[in-house]
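Structure at a glance
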Amino acid sequence: MKEKFIAVIVAVIFSVALAGSAVAEEINAYMGTSPDNNAKIVKFIKDKTGITVNQTFQSFGEIEARAKAEAPNFNADMIIGCGSPLAFMAKKNGWSTPYVSPGWKGVAEVFMDSKGDWYNIANFSFVLVGNKDRLAKAGYKMPESWKDLLDPKWKGEIVMPSPLSSGTANMMRFSFLALYGDAEGWKFIEALDKNIHHYTRSGNAPTDLVGRGEFMLGITSDENVKKRLNDGYPLFWSIPAEGTGYDGTYALIFKGTKKLATCKKIIDVLGTPEFSTLMAEIGYVTPRPAPNALYGKTLPKYIKLDLGKAAEDKPKNNDIWKQKLRTDFK
Amino acid sequence: MAAAELSVKLQSSSGSKVKDFLNANLINILAAFLFLLLAFFLLYPIIMVLIKSFQGPSGFTLQYYQAFFSKNYYYQSLYNTLLLGVINTVVCLVIGFCLAYMTTRGPWILRKPLKIISLVPLIAPPYLFALSLIILFGRNGLVTRMFDLHWELYGFSGVVISQTLAFIPLAYMMIESTLMSLNPNLEESAYDMGASEATILRTITIPLLAPGLLKAALLIFVMTIAEFGNAAILGGRTPFLAPDTYTMITGESDFNMGSVLSVVLIAPCILIFFIHNYLLEGKKFTTIGGKPVASEPRKITPLIKVPFVIITTVAAGAIFVCFAVVFVASFYKILGVTHDIVLSNYLDFTSNQAIYNSIRVSFVAAIIGAVIGVLLAYVIVRGKFFGRTFIEMVSLSGFALPGTVLGIGYLLAFSAPPLKLTGGIMILALNCVFRFLAVGVEAGISKLHQIHIEIEEASADLGASFLTTFHKIVLPIMFPAFIAGFIYTFMTAIVSLSAVVFLVSPGFDLAAVKIFDAAVYGEIGIASATTMKLVLIVMICMMILNYISSKTRLGSSMKKTVAV
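The structure presented is a predicted model; accordingly, all values stated were derived computationally and were not measured.

Let us look at the overall build of chain A. A count of helical and extended segments in chain A gives 12 helices and nine strands. Its C-alpha atoms give chain A a radius of gyration of 22 Å, near enough to 20 Å, the size a compact globule of 330 residues would have. Along the longest, intermediate and shortest principal axes, the C-alpha atoms of chain A span 75 × 60 × 40 Å. Taking all 330 residues of chain A together, 47% fall into the buried category. The contacts of chain A with a sequence gap of at least 6 include a subset with a gap of at least 24, amounting to 76%.

Here we take up the interface of chain A and chain B. Taken together, the contact between chain A and chain B spans 51 residues of the former and 46 residues of the latter. Elements supplying a minimum of two residues to the side of chain A that touches chain B: helix H1 (2-18), strand S1 (26-31), helix H2 (35-49), strand S2 (52-57), helix H3 (60-70), strand S6 (196-200) and helix H8 (205-211) of chain A. Of all the elements, H1 of chain A adds the most residues to the side of chain A that touches chain B, at nine residues. Partitioning the side of chain A that touches chain B into residue classes produces 21 nonpolar, 17 polar and 13 charged.

All names here are of chain B. The topology assignment puts Cys 322 in helix H14 (residues 302-329). Cys 322 sits in the buried class, given 23 other C-beta atoms within 10 Å. Taking the C-alpha atoms as reference points, Cys 322 and Leu 510, 188 residues apart in sequence, are found 23 Å from one another. Not counting chain neighbours up to four residues away, the residues in contact with Cys 322 comprise Leu 128, Phe 129, Ser 132 and Leu 165.

Before going further, it helps to spend a moment on the domain arrangement of chain B. All names here are of chain B. Each assigned domain of chain B is listed here: domain 1 (1-60 + 341-564) and domain 2 (62-329). Of note, the centres of domain 1 and domain 2, computed from C-alpha atoms alone, are 24 Å apart. Opposite the 45 residues of domain 1 that make contact, domain 2 presents 53 residues. Where the side of domain 1 that touches domain 2 is concerned, the elements lending two or more residues are helix H2 (16-54), helix H18 (403-413), helix H20 (437-450), helix H22 (466-495), helix H23 (511-521) and helix H24 (524-550). If one sorts the elements of the side of domain 1 that touches domain 2 by residue count, H24 sits on top with nine residues. By residue class, the composition of the side of domain 1 that touches domain 2 is 29 nonpolar, 13 polar and three charged.

Residue and element names in this part refer to chain B. Running from N to C, helix H16 (residues 349-382) and H22 point in directions that differ by 145°, and their axes come no closer than 7 Å. Judged by the sense of rotation from one axis to the other, the crossing of H16 with H22 is right-handed. Grouping the amino acids of the contact of H16 with H22 by side-chain chemistry returns 18 nonpolar, six polar and no charged.

Next up on the list: the packing of helix H6 (residues 128-137) of chain B against H24 of chain B. Residue and element names in this part refer to chain B. Between H6 and H24, the least distance of the axes is 11 Å, while the angle of their chain directions is 135°. When the axis of H6 is compared with that of H24, the two are oblique. Handedness of the crossing formed by H6 with H24: left-handed. Residue-level inspection shows Leu 128, Leu 131 and Ile 135 of H6 in contact with H24, the latter providing Ile 524, Ala 527, Ser 528 and Thr 531. Tallied by class, residues from the contact of H6 with H24 come to five nonpolar, two polar and no charged.

Residues and elements named next belong to chain A. According to the domain assignment, chain A consists of domain 1 (28-123 + 247-282) and domain 2 (125-244 + 302-325). When each unit is reduced to the centre of its C-alpha atoms, the spacing between domain 1 and domain 2 is 26 Å. Each side of the interface is counted separately: domain 1 has 17 residues, and domain 2 has 20 residues. Counting only elements with at least two residues in the side of domain 1 that touches domain 2, the list comes to H2, H3 and helix H4 (84-93). Considering only residue class, the side of domain 1 that touches domain 2 consists of five nonpolar, eight polar and four charged.

What counts, and where the lines are drawn
- Residues numbered from 1 in each chain as written.
- Chains lettered and ligands numbered in written order.
- Predicted model: local features only at pLDDT ≥ 70, side-chain atom pairs only at ≥ 80, totals over all residues.
- Helix = DSSP H or I, 4+ residues; strand = E, 2+ residues; numbered from the N terminus.
- Rg over C-alpha atoms; globule rule 2.2 N^0.38 Å.
- Buried ≥ 20, exposed ≤ 12 C-beta atoms within 10 Å, placed from the backbone.
- Contact = placed C-beta atoms within 7 Å.
- Nonpolar A, V, L, I, M, F, W, Y, C, P; charged D, E, K, R; others polar.
- Domains from an automatic or database assignment.
- Axes fitted to C-alpha atoms, helices over the stretch in contact; angles between N-to-C directions.
- Left-handed = near helix turned anticlockwise from the far one by under 90°.
- Parallel < 35°, antiparallel > 145°, perpendicular 65-115°, else oblique.

Laid out in structure tokens, this is it:
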């Protein structure tokens, strides 16, 4: 009798455990913005369309690696938020499904692919952040130029993301290379490396690390800075005199998805002015003009970039980066 | 019960030839089936990793190994990893032994609290300790600011400390269960005859414990070099193989180099596995027999007692403080920056979903794992077919498999049709099943060694079919092994990160991965709260399990979590 009782309990738990919760319209997406912002976007889509978006947090670089590894059998239906290298690669390799969305009518052409293979839902940049308390205690001022970061007094006090896992870091790298030219650019990166404490996995991590006072300075993605300031982190942020780089946050539909109609609905809603407003409130520069929470009315000074070339050069630059910055044996 | 009767009826109605054939060969059929499972879900993925490490764009190549062995960076990484493994194993064994000794032989008053403190971290992710070390000793940590310390947490020493704290519980659990099954009469008679505590320890306890210690050492070494949470969070610029492998796969999708790193990681583990098997040849007697007995506290000489008490207090204190810190941090919006106490960290819905997924995955894995483990143990001990030792070796090899290897292996083996399993719950569950199978198998084998085959033979002579014998005699005896396998798989699967991190997909986030992401990202509050929720929920699950099994005649077996 007892055995039967246990068997029943086990069977019940087992079946409850196995039962899924799939009823409503839902899709799986790779989303590379910060966990907070991912959640905001998911909520926006749910509110506007009723579609549930399942996602796990990954950085741009990780989504790129994952898409490369999985192609052509993707485990997601679409991407909402990846960097330009993957967006361009997907179009070139035929991993994306072209779709000309009526929702994006009137948006400037730089924000979308002519065939509709990808849509850029928001531009982001990188900024310099500093911890107010730590800087005040040390008696240091925020650096005004990127070159100021090479001062030995910052040794071990700067964090930035690793281009091996972070799309933001890749953007920093191609921006510095574009700013100084290849030869001088690598010299700058190598000299900067002497002062870098370590390279973080995600492009936003330096904001938090500096905000909590673990390090004095960070080169970080701008997407979370506004939020962290509002949360009360003692942060300075600035864009040094030479300017900053930029990359898009791309959305695309994977080839082979069984939920094409649902994906299209999502692309449509990402082109609405309301979505641009949401992203601008976070601090992004958006396809449809909206008041920007971080930069205000005047956009920052941008370094002149060729995103196509940057995407092509990425593997080569990763190799050089590893060769130059990973040598010491203690 | 009814099912068995039904199957008996079915058999008697079919021809007696079929029945005889089944009775004679069922065990072989079962063995073949189990071997297929092992081959498919354990060997095949590992072979895929091996192939990938030799497979260039144009066929066989050694270029990736060449790259590994010609770069200083990788040497450094390998060196750090091995050093970490060795330090960690030694320290964990010493502390684990002291703790286990105090909770089984020490004064009553210390036993319960020490035991609880040492076991609770088992159900928290190992990198909880990295979190609390940052909160306490980070550059802006509480202790750092209070005493104006200049200790650099980010680096080798930080990783060693957090990783050691993380694996003390495992060492404790394994050593304690061997100590418990050690018959205290031997030690007590020596004591009565006037031997000093030190002599007893040196000549009786430790030698008898050797197999258990060896097994614990192997398991800790393998787990510690593969579990990369602490190293990824606290490593700074100090390279370790496991986090490097992780970046190689998830950041660069360089599967060739990732496979090479895995193979390099697996080599020392396999070596130790064979050394361990060799040393244990014929020494199995100590691990079996003897029911768990609580021994009376003895007078321990100060020479032993003082260092033991110091070590256990420091270790248990450190574990307790780390937990307390994470508990406190879970209520702060930003610990150390603002002083708002909030509940928002606990209300984060995505982490609830991840915890729910984790429990589902671990539960499914534990059931399947325990069943397969028990059946495997049975065919290994009772079967008389060719290749029995091979099956035994393969099913116990889980002890020596770093999680990253099986994670990458599954990604390589099961991500393309027709074997596409990625993107769902089953790949996560199966991965855990085959990684943690060894404990269930081992427990089953030692249980079966305790009963004589004559009982089964008698049953067969009296006319019972194979299935009846199995159901009426073998299963009841094996039930404790089933429970041991179940609990070990459940607990390890729920907190382990190193393999599943490669296999999660949108919609199937797991708590361990979620906490890791939050910690790496810097969201200490969310990471802490998720950890606390996970610990609480797992504790409730364990209590329910405990209740169910104490309602049966097999209650006592529950306490012996791992019957090694």
